[in-house]
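Architecture at a glance
Take a look at the letters that make up each chain.
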Amino acid sequence: MPKNKGKGGKNRKRGKNEADDEKRELVFKEDGQEYAQVLRMLGNGRCEAMCIDGTKRLCHIRGKMHKKVWIAAGDIILVGLRDYQDDKADVILKYMPDEARLLKAYGELPENTRLNEGITGGLDEEEDGAGDDYIEFEDEDIDKI
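Residues numbered from 1 in each chain as written. Predicted model: local features only at pLDDT ≥ 70, side-chain atom pairs only at ≥ 80, totals over all residues. Heavy atoms only, no water.

A word on the overall build of the protein
Our working definition: Elements are defined by DSSP. Helices are runs of H or I of four residues or more, strands are runs of E of two residues or more, and each kind is numbered from the N terminus. Each residue gets one of three labels from its accessible area relative to the maximum for its type: buried under 20%, exposed over 50%, partly exposed in between, using a 1.4 Å probe on protein chains only. The contact criterion used is simple: two residues touch if any of their non-hydrogen atoms lie within 4.5 Å.
From N to C terminus, the protein includes 3 helices and 5 strands. Reading the protein from its N end, one meets helices and strands in the order α-β-β-β-β-β-α-α. Within the protein, the proportion of its 145 residues that are buried is 25%. Excluding contacts between residues fewer than 6 apart, the proportion of contacts in the protein whose partners are at least 24 apart in sequence is 52%.

Below is the structure:
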């Protein structure tokens, strides 16, 4: 059998946490960059995102973020636009939920942008008829069966 020459296995790589929990400075967009919301993950380090300027772009997750920063559908990200391809972009940064709320409060994101906090927002409309979900049977109905 071959000898192990490395410094550890996959559990060692998994244990590395780059202390993302601590507060970091809020990064605003510069020229050549745009805010976007992830529509869906495509695999192979790519995602489809709707940019704030109204363009749907295929975004590539950079190697520094790959397998370290997990991106899901609905996340707010900062993408770098390409000069030579308008329909593709590169993910530069993923905003935490509190940072995305701050961006919306500062007016960087439009008001109609839905953040991840309202995933179950469609259930609020049915509150008036919530008690009508069960059927009550009389004893006579059971006897007929």
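What to know about the pairing of strand E2 (residues 46-51)
Counted only if it meets this: Pairs of strands are assigned from DSSP output, requiring at least two bridges between the strands.
The pairing of strand E1 (residues 33-43) with E2 spans 6 bridges and is classified as antiparallel. What sits directly across from Ala36, in E2, is Cys51. Between E1 and the antiparallel strand that follows it, E2, lie 2 residues; Asn44 among them carries a positive phi value of about 60°. Sheet topology places E2 next to strand E3 (residues 56-61); 5 bridges connect them, and they run antiparallel. In the sheet register, Cys47 faces E3, and the bridge partner there is Cys59.

So, the pairing of strand E4 (residues 76-81)
Within E4, 5 of the 6 residues are buried, which leaves it mostly tucked inside the rest of the structure. Across 5 bridges, the pairing between E1 and E4 is antiparallel. By the bridge assignment, Glu34 is partnered in E4 with Val79. Judged from the 5 bridges that link them, E4 and strand E5 (residues 88-94) form a sheet pairing that is antiparallel. Residue Ile77 lies in a different strand from E5, and its bridge partner there is Lys94.

Observations concerning the environment of Ala49
By the secondary structure assignment, Ala49 is in strand E2. Looking at Ala49, the relative accessible area reads 0%, which means it is buried. Separated by 42 residues in sequence, Ala49 and Val91 have C-alpha atoms that sit 9.8 Å apart. Beyond its immediate sequence surroundings of up to four residues, Ala49 is in contact with Ala36, Gln37, Val38, Leu39, Thr55, Lys56, Arg57, Cys59 and Ile77.

Focus on the pattern of salt bridges
The line we're drawing: Should a side-chain nitrogen of Lys or Arg be within 4 Å of a carboxyl oxygen of Asp or Glu, the pair is scored as a salt bridge.
Scanning all chains against the criterion turns up 7 salt bridges. A salt bridge links Arg57 to Asp53, with the nearest nitrogen and oxygen atoms 3.4 Å apart. Since its relative accessible area comes to 41%, Asp53 is described here as partly exposed. In this structure, Asp75 engages Lys94 in a salt bridge whose closest nitrogen and oxygen atoms are separated by 3.7 Å. Note that Asp75 is positioned in the loop between E3 and E4 and Lys94 in strand E5, a separation of 19 residues in sequence. Across the pair, Lys94 and Asp75 agree in class, each one buried.

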